[in-house]
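Residue-level structural notes
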Number of protein chains: 2
Amino acid sequence: MTKRATRRRGAELEDALLRAAADELAESGYAGLTMDRVARRAGTNKNALYRRWPDRLALGIAAYRLLAKSFQPPDTGALREDALETLRLANRHWSSPLGAILRELMAAAGSAQELLAQLSDRSADTTAATWLLILGRAVARGEAHPEALHPRVATVAIDLLRNEFVTRGAPTAPDEVLREIVDEVYLPLVRARGSVTERG
Amino acid sequence: MTKRATRRRGAELEDALLRAAADELAESGYAGLTMDRVARRAGTNKNALYRRWPDRLALGIAAYRLLAKSFQPPDTGALREDALETLRLANRHWSSPLGAILRELMAAAGSAQELLAQLSDRSADTTAATWLLILGRAVARGEAHPEALHPRVATVAIDLLRNEFVTRGAPTAPDEVLREIVDEVYLPLVRARGSVTERG
DNA sequence: CAAAATAGGGTACGGCTAGTACCTAATGAG
DNA sequence: CTCATTAGGTACTAGCCGTACCCTATTTTG
């Protein structure tokens with residue numbers, strides 16, 4: 001704790017706090033993210049934290065967002081490869097330490113939709129926009145039925161993988177699971193979409 | 001805490017403890033489930049708990065299982081109705097206070113597959129067996145393609161709903177979401193399953 | 001440039017919880 | 001009757017969140 005030459009304020013201090021929180025989060029997970037340690041790591045004390053975030057969870061989420069990386073959707077020219085590649089990316093993310101942290105935060109957020117939203121939005125690889133883009137290109141190539149261009153349908157693959165992630169533990173889903181999702185569910189679904197009203 | 005005439009032991013005491021834990025869980029959720037309160041409610045102390053369950057989480061899961069109800073798959077004679085009915089049931093469960101508790105427990109279980117398994121197995125409405133049964137009958141009636149009789153495919157509907165439950169907060173998914181899952185995804189998928197290898 | 005307002009820093013504390021230790025008392029088996 | 005087992009009582013450690021209080025550096029402003 002060497003005295004600092006000049007006292008940090010405002011954005012500078014806030015960055016340092018967030019950085020410290022993110023580091024602690026990466027090292028110890030949300031369970032190990034304690035306000036005291038974050039403050040100490042940033043070279044200050046809890047007051048600075050509580051002036052900016054209402055509680056530990058809010059700080060945790062903010063720090064997680066700092067850790068989450070940005071993402072470019074693939075464009076391999078084939079729907080199957082685009083989908084697999086995007087799933088693999090998400091799978092890697094969820095299977096990494098970050099995935100475990102995400103679990104903890106989602107858990108802690110409980111039913112607070114507002115906070116949950118801040119978590120789901122991360123990692124564009126899971127958003128509807130990404131999948132609509134991928135699928136849109138596939139439709140243009142004639143690989144998928146235009147009817148499938150609907151968020152509920154377009155995101156089925158990632159939704160199923162997320163479900164795997166949630167119900168199984170965090171460890172990486174084998175590539176076979178990804179292929180199953182794509183080959184057994186996603187591709188059949190977007191290719192041959194029979195009209196719903198065809199029968200009853 | 002009036003002295004009991006006779007001191008409870010073994011199974012009798014264990015039941016009382018579990019009952020007390022389940023009641024506390026129902027009243028206060030997992031966050032409010034404290035060992036001291038459970039012990040006091042059962043008219044004993046923490047020793048009795050720690051002799052039986054290694055920690056709070058294990059007790060919480062055991063108590064949750066006590067609360068989870070059993071379930072009979074519907075048989076309405078139409079796949080669409082069977083699926084919708086089963087989804088509605090799960091939706092009610094997940095939207096009830098029990099659903100919130102399940103969230104907390106899944107969160108606390110983190111990546112411990114062993115514990116997670118104890119949670120997913122509950123409520124037969126979410127298991128593969130149930131969906132294979134429903135779908136099997138549909139195949140027999142000619143409502144679904146035999147190829148669809150595969151766990152990954154059969155459980156798609158409930159998997160998607162679980163995903164809703166996890167990413168949104170707990171509040172009940174509107175019936176429209178359920179219908180969307182069934183009409184836009186599930187039925188098209190199980191009816192017209194194009195061969196996967198048809199293309200690449 | 002002085003004074004007032006603002007924000008950072010240090011420290012301590014209340015209240016709560018998990019889990020452990022240790023001892024006494026009831027119970028049941030042989 | 002004896003003894004091993006198990007229940008009950010109580011106290012304790014250690015950790016954490018969130019808050020309060022007061023002092024000090026920096027900035028603002030008059």
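What counts, and at which threshold
- Residues numbered from 1 in each chain as written.
- Chains lettered and ligands numbered in written order.
- Predicted model: local features only at pLDDT ≥ 70, side-chain atom pairs only at ≥ 80, totals over all residues.
- Heavy atoms only, no water.
- UniProt positions renumbered as here; feature names shortened; annotations may be inferred.
- Helix = DSSP H or I, 4+ residues; strand = E, 2+ residues; numbered from the N terminus.
- Near = heavy atom within 4 Å.
- Polar contact = N/O pair within 3.5 Å; in protein donor to acceptor, adjacent residues only side chain to side chain.
- Nonpolar A, V, L, I, M, F, W, Y, C, P; charged D, E, K, R; others polar.
- pLDDT = per-residue confidence, 0-100.
- Contact = heavy atoms within 4.5 Å.
- Core = buried A, V, L, I, M, F, W, Y, C linked by side-chain atoms within 4.5 Å.
- Buried < 20%, exposed > 50% of the residue type's maximum accessible area, 1.4 Å probe, protein only.
- Salt bridge = Lys/Arg side-chain N within 4 Å of Asp/Glu carboxyl O.
- Expected span 1.5 Å × (residues − 1).
- Bend = angle between axes of the 7 residues up to and from the residue.
- Axes fitted to C-alpha atoms, helices over the stretch in contact; angles between N-to-C directions.
- Left-handed = near helix turned anticlockwise from the far one by under 90°.
- Parallel < 35°, antiparallel > 145°, perpendicular 65-115°, else oblique.

Below, the discussion takes up the UniProt feature "DNA-binding region" (unreviewed entry) in chain A. Feature annotation in UniProt assigns "DNA-binding region" (unreviewed entry) to the following positions: residues 34-53 of chain A. The span residues 34-53 of chain A is 60% helix and 0% strand, and its two end C-alpha atoms sit 13 Å from each other.

A separate point is the protein's contact with DNA strand C. Looking at DNA strand C, there are 22 residues lining it, with Thr44, Asn45, Asn47 and Arg52 of chain A together with Lys46 of chain B nearest. Within 4 Å of the protein, the contacting atoms of DNA strand C are drawn from sugar and phosphate to the extent of 53%. Measuring from a phosphate oxygen of DNA strand C, one finds a backbone N or O atom of methionine 35 of chain B at 3.2 Å. Here a base nitrogen of DNA strand C and a side-chain polar atom of lysine 46 of chain B are 2.6 Å apart. Elements supplying a minimum of two residues to the surface near DNA strand C: α1 (10-28) of chain A together with α3 (46-50) of chain B. Of the residues forming the surface near DNA strand C, the biggest block, 3 residues, is contributed by α3 of chain B. Taken together, the residues of the surface near DNA strand C break down into 4 nonpolar, 7 polar and 11 charged.

Let us look at the confidence of the model for chain A. Residue and element names in this part refer to chain A. Mean pLDDT over chain A: 84, with 87% of residues reaching 70 or higher. The weakest mean pLDDT in chain A belongs to helix α7 (residues 113-120) at 77; the strongest belongs to helix α11 (residues 175-191) at 95. Of the regions scoring below 50 in pLDDT, residues 194-200 engages in 13 contacts with residues more than four places distant in sequence or in other chains.

Looking at DNA strand D, there are 22 residues lining it, with Arg56 of chain A together with Thr44, Asn45, Asn47 and Arg52 of chain B nearest. Protein-adjacent atoms of DNA strand D, using a 4 Å cutoff, are sugar or phosphate at a proportion of 55%. With respect to DNA strand D, the backbone of glycine 10 of chain B contributes an N or O atom lying 3.3 Å from a phosphate oxygen. The element contributing the most residues to the surface near DNA strand D is helix α3 (residues 46-50) of chain A, with 3 residues.

Within soluble globular proteins, side chains that are nonpolar generally end up buried alongside one another. Core analysis: the biggest nonpolar cluster contains 131 residues, and Tyr186 of chain A together with Tyr186 of chain B have the highest contact counts within it. Setting aside residues up to four positions removed in sequence, tyrosine 186 of chain A forms contacts with Leu79, Ala83, Trp131, Leu135, Val153, Ala154, Val156, Ala157 and Ile181 of chain A.

When charged atoms on two side chains of opposite charge get close, those side chains can pair. Residues and elements named next belong to chain A. Taken as a whole and assessed by the stated rule, the structure comprises 34 salt bridges over all chains. For the salt bridge of arginine 88 with aspartate 175, the shortest nitrogen-to-oxygen distance reads 2.9 Å. Placement of arginine 88 in helix α5 (residues 79-95) and of aspartate 175 in helix α11 is noted, with a sequence separation of 87 residues between them. The class of aspartate 175 is partly exposed, set by a relative accessible area of 29%.

Quick look at α11 of chain A now. Residues and elements named next belong to chain A. Look at α11: 22 Å from first C-alpha to last across 17 residues, which is about the 24 Å you get at 1.5 Å a residue. Its axis deflected by about 30° at valine 182, α11 carries its strongest bend there. Burial analysis of α11 places 13 of its 17 residues in the buried class, the great majority of the element.

Glancing now at the packing of helix α10 (residues 156-167) of chain B against helix α11 (residues 175-191) of chain B. All names here are of chain B. As a packed pair, α10 and α11 sit with axes 9 Å apart at the nearest point and diverge in direction by 145°. Crossing geometry of α10 relative to α11 is assigned as right-handed. Contact residues: α10 offers Val156, Ala157, Leu160, Leu161 and Glu164, while α11 offers Val177, Leu178, Ile181, Val185, Tyr186 and Leu189. When the residues that make up the contact of α10 with α11 are grouped by side-chain class, the tally is 10 nonpolar, no polar and 1 charged.

Below, the discussion takes up the packing of helix α10 (residues 156-167) of chain A against α10 of chain B. Taken N-terminus to C-terminus, the directions of α10 of chain A and α10 of chain B make an angle of 75°; their axes are 9 Å apart at the nearest point. When the axes of α10 of chain A and α10 of chain B are compared, the pair comes out roughly perpendicular. Only Val156, Asp159, Leu160, Arg162, Asn163, Val166 and Thr167 of chain B of α10 of chain B make contact with α10 of chain A, whose side of the interface consists of Val156, Asp159, Leu160, Arg162, Asn163, Val166 and Thr167 of chain A. When grouped by side-chain class, the residues that make up the contact of α10 of chain A with α10 of chain B number 6 nonpolar, 4 polar and 4 charged.

This next bit is on the environment of leucine 132 of chain B. Residue and element names in this part refer to chain B. Note on placement: leucine 132 falls in helix α8 (residues 128-140). With a relative accessible area of 28%, leucine 132 lands in the partly exposed category. In this structure the C-alpha to C-alpha distance between leucine 132 and alanine 154, which are 22 residues apart in sequence, comes to 5.9 Å. If we skip the residues at most four places from it in the chain, leucine 132 touches Leu149, His150, Pro151 and Ala154.

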